[in-house]
Amino acid sequence: MPVTITIPAPLRQFAAGQSQITVEANTAGEALDLLTATHSALRRHLFNDQNVLRNFVNVYLNDEDIRHASGPNTPVKDGDTIMIVPSIAGGAVIETEVAQSLPELSNEEILRYSRHLIMPEVGMQGQRRLKAASVLMIGTGGLGAPVGMYLAAAGVGRIGIVDFDVVEESNLQRQIIHGTKDLGRRKIESARDRLRDINPHIEIETHESRLTSHNAMRLFRNYDIIVDGTDNFPTRYLVNDACVLSGKPNVYGSIFRFEGQASVFWAEKGACYRCLYPEPPPPGLVPSCAEGGVLGVLPGIVGAIQANETIKIILGAEGLLINRLLLFDAWPMKFREFKLRKDPKCPVCGEQPTVKELIDYEEFCGMAAHQAPQPDSKLEEISATELNARRLRGERLQIVDVREPHEFEIARIPGTKLIPLGHVVSRMNEIDPDVDTIVHCKAGVRSAKAIQALKRAGFQGRLINLKGGITAWSEDVDPRVAKY
Amino acid sequence: MISISTDLLNQIREHGVKDYPYECCGLLLGRFTEEGKTVKQPYPISNAREESAKRNRFLIEPEELMRGERFAREHNLDVVGFYHSHPDSPAVPSQYDLDHAWPTYSYIIVSTSAERAGDLFSWEQEPDRSRFNQEEIRVIRD
């Protein structure tokens, strides 16, 4: 069917100056395809890269918008006319407003960030975004160290650090933000000095306190992104819930022995930590790094992934770890990835949330333990000084060390018997039930488990847990016993 | 190049200040000439965007544009471009403007605040749609 297409004035230059062109077609879409096949320069003004009619371009068949008929498949009759009419849209958008308010870079900064600037994915605009951004790091330990150092080096304009600890010798194997000269210093001060040395062009704000339900919302309010570098469940749930409630992305990482996890929990765009783990594990079930150890380089890798994702969020990049849990195992050197899904029943970010303000997270993580099977009787405990006093008085007692042989090699309490936790039940006959038995490990968690296991197995003697383990012994009784 | 009189430029500025904090918009009626375009009359249009989006979006519906074109033809004029305001932001086109434009038309943008109109620039899209080029405005004295 011959149909006549009217070319709008501004596009005539792409149609050899013609105002009307007649083509033979059966549908409106076919007519436009034929038109733009002959006049290819016209096509890009009518269709986008996906070959769909641009959303401001309207095609009228006679007097009807083809979107109200059958779109491109609208049939045409002999003698029909097609008109192309733009709807005019536009306007200042956030980008221009943002671009205007972004801080400028000095010539020194331009030189410093040149390896970023020459990549179009970052560029001047991206670097200025980094300068305008603010990130709050929870913890300056193994994960916080690389996170802070890379974010500072990348030029993130304002970095907040929350920590309440002091630098100890056993930190230095992995917490590379601190040095030997910093032993005994407050971690926030040591971290601040290191970050300032890396990049004097950024602001560093220190918050010397434990993150609590009382201060979290107030702290989070002043930052764009929160990076979780904590090592315990109560704080991890607290960070998650405060991020959901304040609408901030939570860049998550965790480490244990040789294995690490990373993800971006951002409730507006995907799953949160509670969608993945609705409830904390019973206390003691998942050992901490202090109990189980951690390869020093592992937090370096996981923390660098957290820094990477943080920078990508600031730059507005795609391919974030949203709805993705990345698992890393340093021993076989393998990355794996799990898909996450937002849970509509999630108590904090679901459709009908029950957690609408921050709760007591110590209690939350302890309460879950009440639902777990309880030891049938109360755990009897003794302090290191008390144990020492009983030994000095010459009381008859035996001490069982339930740590692993390689730990026994590092440090031991004199006069103890080593039976690793995994063997206590099978080697129960080596423990004399007629005298009091003191059970110890490194910090007191594994020994409590050993006592439970022995009781369940029917051990009849008196079992007493050494509070604080060999660490307390070293601190309170005999400093010659090495701490690790 | 686009030629326009001081009086017509002031009409565009006044429209922008009147509609602040919203964006104003309208058609530029005139003629295509050897040198470019000459504006004979601005043709204000009600901003068709819903209230909430008016602050940073404007839209001239195709029906409205066709009405404007009919009006132009009756007066022996063409639609040679469009104007709109950027409340509290610079008179430069955004990516959104670029995605929703055609070459040859003039796009006049005026920066506005509650009290006054600021910069006023005219822009023309590069024929390959890659960017806007600033277009020279020749002011005709009345």
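Residues numbered from 1 in each chain as written. Chains lettered and ligands numbered in written order. Predicted model: local features only at pLDDT ≥ 70, side-chain atom pairs only at ≥ 80, totals over all residues.

### Re the sheet that holds strand 12 (residues 259-265) of chain A
All names here are of chain A. With mixed pairing, the eight strands of this open sheet are ordered in space as 9-8-7-10-11-12-13-14. Where the open sheet ends on each side, the last strands, each with one partner, are strand 9 (203-208) and strand 14 (334-339). Across the sheet, the mean angle from the axis of one strand to that of its neighbour is 15°, orientation sign disregarded. Summarising the sheet, strand 10 (residues 225-228) and strand 11 (residues 250-256) pair through three bridges and their orientation is parallel. Residue pairing in the sheet places Asp228 in a bridge with Tyr252 of strand 11. Sheet contacts for helix 13 (residues 298-315): strand 7 (134-138), strand 10, strand 11, strand 12 and strand 13 (324-329); angle to strand 11, the most-contacted strand, approximately 170°. (Pairing = 2+ DSSP bridges. Helix = DSSP H or I, 4+ residues; strand = E, 2+ residues; numbered from the N terminus. Axes fitted to C-alpha atoms, helices over the stretch in contact; angles between N-to-C directions. Contact = placed C-beta atoms within 7 Å.)

### Quick word on the environment of A:Ile419
With respect to the secondary-structure elements, A:Ile419 resides in the loop between strand 17 (416-418) and strand 18 (436-440). The residues touching A:Ile419, leaving out its near neighbours within four places in the chain, are A:Val400, A:Val402, A:Val424, A:Arg427 and A:Glu430.

### Remarks on the nonpolar core
Where a protein is soluble and globular, its nonpolar side chains tend to be buried together. Ranked by size, the top nonpolar core spans 65 residues in total, and within it A:Val135, A:Met137, A:Val156, A:Ile159 and A:Cys272 carry the most contacts. Once you skip the residues sitting within four places of it in the chain, A:Cys272 turns out to touch A:Asn240, A:Val244, A:Phe265, A:Ala267, A:Cys346, A:Val348 and A:Cys349. Formed by 54 residues, the second largest nonpolar core is a distinct cluster that contains A:Val76, B:Tyr22, B:Cys25 and B:Leu77. (Core = buried A, V, L, I, M, F, W, Y, C linked by C-beta atoms within 7 Å. Buried ≥ 20, exposed ≤ 12 C-beta atoms within 10 Å, placed from the backbone.)

### Side note on helix 2 (residues 62-74) of chain B
Residue and element names in this part refer to chain B. Look at helix 2: 18 Å from first C-alpha to last across 13 residues, which is about the 18 Å you get at 1.5 Å a residue. Looking at helix 2, one finds that the buried residues are Pro62, Leu65, Gly68, Glu69 and Ala72. Down the axis, helix 2 shows its buried residues gathered within 115° of arc, on one side only. Exposed residues on helix 2 whose side chains face more than 90 degrees from its buried face are Arg70 and Glu74. One or two steps after helix 2, the chain reaches Asn76, where phi turns positive at roughly 60°. (Expected span 1.5 Å × (residues − 1). Arc of directions from axis to C-beta.)

### Quick word on the sheet that holds strand 3 (residues 37-45) of chain B
All names here are of chain B. Strand order in the open sheet formed by eight strands is 8-7-6-5-2-3-1-9, and the pairing between neighbours is mixed. Across the chains shown, the open sheet's two edge strands, defined by having one partner strand only, are strand 8 (132-135) and strand 9 (137-140). Shown here is a sheet whose adjacent strand axes are inclined to one another by a mean of 35°, direction ignored. Where strand 7 (residues 117-125) lies against strand 8, four bridges are found, and the strand directions are antiparallel.

### Details of the pairing of strand 12 of chain A
All names here are of chain A. Among the seven residues of strand 12, five are classified as buried, and the element is accordingly described as predominantly covered. Pairing between strand 11 and strand 12: seven bridges, direction antiparallel. The residue bridging Ile255 from the neighbouring strand is Gly260, located in strand 12. In this structure, the hairpin formed by strand 11 and strand 12 is closed by a connection of two residues, where Arg257 is found at a positive phi of approximately 55°. In the sheet, strand 12 pairs with strand 13 via four bridges, with the strands oriented antiparallel. Opposite Gln261, over in strand 13, you have Leu327 as the bridge partner.

### Observations concerning the environment of A:Val439
All names here are of chain A. Secondary-structure assignment places Val439 in strand 18. By the C-beta count within 10 Å, which is 28 here, Val439 ends up buried. For Val439, the residues in contact, after removing those within four places along its chain, are Val400, Val402, Ser447, Ala450, Ile451, Leu463, Asn465 and Leu466.

### Side note on helix 13 of chain A
All names here are of chain A. Given a rise of 1.5 Å per residue, 18 residues ought to cover 26 Å, and the 26 Å separating the end C-alpha atoms of helix 13 matches this to within 8%. Of all 18 residues in helix 13, 13 are buried, a share of seventy percent or more. Of the residues flanking the end of helix 13, it is Gly316, one or two places downstream, whose phi is positive at about 70°.

### Looking at the confidence of the model for chain A
Residues and elements named next belong to chain A. Within chain A, residue pLDDT values average 89, and 94% of them lie at 70 or more. In the predicted structure, residues 93-99 sits below a pLDDT of 50 and forms 13 contacts with residues beyond four places in sequence or in another chain. Between residues 368-376, whose pLDDT stays under 50, and residues either more than four places distant or in other chains, the model counts eight contacts. (pLDDT = per-residue confidence, 0-100.)

### Overview of the confidence of the model for chain B
Residue and element names in this part refer to chain B. Confidence in the prediction of chain B, expressed as mean pLDDT, is 85, and 89% of residues score 70 or more. Averaged over each element, pLDDT in chain B is lowest for strand 4 (residues 58-60) (66) and highest for strand 1 (residues 2-5) (94). What the predictor reports for the complex is a pTM of 0.54 with an ipTM of 0.77.

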